[in-house]
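Summary of structural features
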Amino acid sequence: MSSNEISADPAGTGPFARPVADARHNEVVSPSSLVVHFPASEPLKLDCEQELAPFAVAYQTYGTLNAEKSNAILICHALTGDQHVHNRHPVTGKEGWWDTLVGPGKPVDTNRFFVICSNILGGCMGTTGPASFNPATRRPYGLDFPVITIADMVRAQVRLVDHLGIKQLFSVIGGSMGGMQVLEWAASYKDRLLTAIPIATAATHSAQNIAFHEVGRQAVMADPNWREGNYHAFATRPSAGLAVARMAAHITYLSEKALQDKFGRGLQDRTARSFSFDADFKIESYLRHQGSTFVDRFDANSYLYITRAMDYFDLEAAHGGKLANAFRGTTAQFCVVSFTSDWLYPTRDSKEIVKALNAVAANVSFVEIESDKGHDAFLLEEPEFFATIRGFVNAAAAKHGLAAPGELV
Amino acid sequence: MQKSVLPSGNGSGKGNNGSAGPPPRADHMLIAEMVAPGSRVLDVGCGDGALLDLLDRTKNVDGRGVELSRERVNACVARGLSVIQGDADRDLADYPDQAFDYAILSLTIQATREPKTVLENLLRIGRHAIVSFPNFGHWLVRTQLLFTGRMPMTDNLPEPWWRTLDAHLCTIKDFVDLAALVNAEVEEAVAFNSSGQRLPIKRSLSLQNLLGEKAVFLLRRKG
């Protein structure tokens, strides 16, 4: 497809006006990643009973796949994450989003494991999503993109893993929405993973979380530049709406204590109140910054679709109203992790998962990490969390005959 | 729940399979003798994972642990043991019947809120239950209470009454009664002293109750 198919993307209007984000659109059209294209003859069957074809999955890999193809780990990214786990981001230039956990000598050691991370279905970093070119209309999909689910995202990942010739993953690891994908893998592809590490997640999206997502979506859709999802055709972007969505969501990723400790009532670049609606407070300035940088790297429609997929996630309902049924017959070893100050996916959500796993006598470890960093803790420097993952991964690797760190294969 | 006797260390989170480390606790050695090789084991109140580690090394068991203390759980998982944070009183109900060959409660039952319910759950979850506990019927405990008129404090029961978590201490005879009450068959009962020496008494329950500092029972549900 030619990049002409995606409209030029001039700045939106309002306080979040930005220069054209060409780099972002380039990542939709020709991502700086490996890409596997599944042709029209190999459609992806979706939960909404539509088929998506053709479709592409963009992914990154780190480390080397061994001859037995037994050392592969799939990392599942969260709502606004992407496949750039452990390399400089092609749009923002920032370090990989899980550099703390993944890399040579890290708890998920790329000297030892072949680590895969793909952009999720519905994303905007090269895997087919609403910003991608729709061959049927010869325009970006926009709202013609089918509503997808977490299970659909995992179906696309399964196709990628098949394409790589890997029968069984050593582990599937993810936090937040990534953790939902881990649970979906564990429930639906029991023979294809040896270990599962769902972090700061839930088997059922709560009413409160649906509520926050709805606020975000309404902010996007209330932006006149959203144009009923057809903003590409009008060469506009709902940047203001998407930025507000991000600001609201960002609050939910932190804890009250983290906000208070970091910002308090501090004023931004001034010594007194301005008696205006400027960003007087540091926290206002911080949130505005979060909003404005986010719109440079993310597609507004992708945000709608992905939050919807999370809202629809209910592993319990999908298994006859009994979560334990989802895991019946599993032989995988689980390591469930939560954080004390995470109020978005609180420990009790993780405990529900553990309870269901216990009910089928699955092999499960569960650790609650003491942290005041809120939901974001899973992405941050948390030594106890790293020690847990390292210990669990190393013990499981030893059990399954994978070489120890530093040991020659 | 917490152990009344804290195991000594090896909670560094490193080198779980190293040959070095403190010698195994006496009741752990006795429990390990009761466990068949290669079996599935749930250790309720597993502390720092010393028993699971011992059973893994000597009996090649498929072991799981439940522990109340978050720090200890995290240390266990970091050393490669399958352990969850949980409470014997609250969380055993979530396990299915006969999911394990052995459900073990070592030096923990006296610290539970409802020992009877906990024991019933152990007998339901495991084909066998193994329970060890400090014996409140030991002669030293009896004489301390008799002569001082105060709650006994021994090497076995080191905490003052206002600090101990042992809310439900019992004697060996009391435990035999509870086992009968919950319809459990005693497959093996061992009374031992603080150095882990089994008492050479098999027949007399009264003598075991008088001379044993601790006891380990192997039980199973009747019928």
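Residues numbered from 1 in each chain as written. Chains lettered and ligands numbered in written order. Predicted model: local features only at pLDDT ≥ 70, side-chain atom pairs only at ≥ 80, totals over all residues. Heavy atoms only, no water.

1. Re the overall build of chain A
The secondary structure content of chain A amounts to 11 helices and 14 strands. Expected size for 409 residues packed as a compact globule is a radius of gyration near 22 Å; at 21 Å, chain A falls within 12% of this value. In terms of overall dimensions, chain A has a C-alpha envelope of 60 × 55 × 45 Å along the principal axes. A burial count over chain A gives 58% of its 409 residues as buried. Taking all contacts inside chain A whose residues are at least 6 apart in sequence as the whole, residues at least 24 apart take part in 71%. Put simply, chain A shows about 16100 Å² of open surface, and 53% of that area lies on carbon and sulfur atoms. (Helix = DSSP H or I, 4+ residues; strand = E, 2+ residues; numbered from the N terminus. Rg over C-alpha atoms; globule rule 2.2 N^0.38 Å. Buried < 20%, exposed > 50% of the residue type's maximum accessible area, 1.4 Å probe, protein only. Contact = heavy atoms within 4.5 Å. Areas by Shrake-Rupley, 256 points an atom, 1.4 Å probe, with all protein chains shown as cover.)

2. Side note on the side chain of Gln268 of chain A
Residue and element names in this part refer to chain A. Note on placement: Gln268 falls in the loop between helix 6 (256–262) and helix 7 (282–297). Only 3.4 Å separates the side chain of Gln268 from the side chain of Asp269, close enough to count as a polar contact. Beyond its immediate stretch of four places on either side in the chain, Gln268 contacts Ala279, Asp280, Phe281, Lys282 and Ser285. (Polar contact = N/O pair within 3.5 Å; in protein donor to acceptor, adjacent residues only side chain to side chain.)

3. Thoughts on helix 8 (residues 300–312) of chain A
Residues and elements named next belong to chain A. Along its 13 residues, helix 8 runs 19 Å from first to last C-alpha, staying within 8% of the 18 Å computed at 1.5 Å per residue. Those residues of helix 8 not exposed but buried are Ala300, Asn301, Ser302, Tyr303, Leu304, Tyr305, Ile306, Thr307, Ala309, Met310 and Asp311. Buried residues belonging to helix 8 abut helix 2 (150–163), helix 3 (177–188), helix 4 (207–222), helix 5 (239–253) and helix 7. For helix 8, the side-chain oxygen to backbone nitrogen distance between the N-cap and Asn301 is 3.3 Å, and the N-cap itself is Asp299. (Expected span 1.5 Å × (residues − 1).)

4. Considering a nonpolar patch on the surface
Residues and elements named next belong to chain B. A contiguous nonpolar patch, built from Trp139, Leu140, Leu207 and Leu211 and spanning about 330 Å² of accessible area, is present on the exposed surface. Following the sequence through the fold, Leu207 ends up in helix 8 (residues 205–211). Given the relative accessible area of 40%, Leu207 is considered partly exposed. (Patch = residues over 30% accessible without salt bridge, like charges linked within 9 Å, V, L, I, M, F, W, Y side chains within 5 Å. Salt bridge = Lys/Arg side-chain N within 4 Å of Asp/Glu carboxyl O.)

5. Overview of the interface of chain A and chain B
If you look at the interface, chain A gives 25 residues, while chain B gives 19 residues. Broken down residue by residue, the surface that chain A buries against chain B is led by Asn358, Ala361 and Phe366 of chain A, which jointly contribute 27%. Here chain A is connected to chain B by 2 salt bridges. In this structure, Arg70 of chain B and Glu370 of chain A form a salt bridge, with 2.2 Å as the shortest nitrogen-oxygen distance. If you look at where chain A meets chain B, you find 12 residue pairs in polar contact (both at pLDDT 80 or more). Residue contributions to the side of chain A that touches chain B peak at 7 residues, all from strand 14 (residues 363–369) of chain A. (Buried area = accessible area lost by both parts, 1.4 Å probe.)

6. Overview of the state of the cysteines
Residues and elements named next belong to chain A. Going through the model one piece at a time under the given rule, you end up with 0 disulfides over all chains. Just so you know, Cys76 is unpaired, no disulfide at all, and the nearest cysteine sulfur is the one on Cys117, 7.3 Å from it. Among the residues examined, Cys76 registers a relative accessible area of 1% and is labelled buried. (Disulfide = S-S within 2.5 Å.)

7. Some points on the packing of helix 4 of chain A against helix 8 of chain A
All names here are of chain A. Put simply, helix 4 and helix 8 touch, their axes get as near as 10 Å, and they point 160° apart. The angle between helix 4 and helix 8 places the two elements in the roughly antiparallel class. As for how helix 4 packs across helix 8, the hand of that crossing is left-handed. Of the residues in helix 8, those in contact with Asn209, Ile210, His213, Arg217, Val220 and Met221 of helix 4 are Ala300, Leu304, Thr307, Arg308, Met310 and Asp311. When the residues that make up the contact of helix 4 with helix 8 are grouped by side-chain class, the tally is 6 nonpolar, 3 polar and 3 charged. (Axes fitted to C-alpha atoms, helices over the stretch in contact; angles between N-to-C directions. Parallel < 35°, antiparallel > 145°, perpendicular 65-115°, else oblique. Left-handed = near helix turned anticlockwise from the far one by under 90°. Nonpolar A, V, L, I, M, F, W, Y, C, P; charged D, E, K, R; others polar.)

8. Some words on the packing of aromatic side chains
Residues and elements named next belong to chain A. Tallied over the entire structure, the rule returns 19 aromatic pairs over all chains. Ring centres of Phe294 and Phe298 lie 4.9 Å apart, and the angle between their planes is 20°; this geometry places the pair in the stacked category. For the residue pair Phe294 and Phe298, the accessibility class agrees, reading buried in each case. Linked through ring pairs, Trp97, Trp98 and Phe378 together constitute an aromatic cluster. Lying across the ring of Phe38, Arg159 places its NZ or CZ 5.0 Å from the centre. Lying over the aromatic face of Phe294, Arg246 brings its terminal NZ or CZ to 4.6 Å of the ring centre. (Phe/Tyr/Trp six-rings, centres within 6.5 Å; stacked < 30°, edge-to-face > 60°. Lys NZ or Arg CZ within 6 Å of the ring centre and 35° of its normal.)

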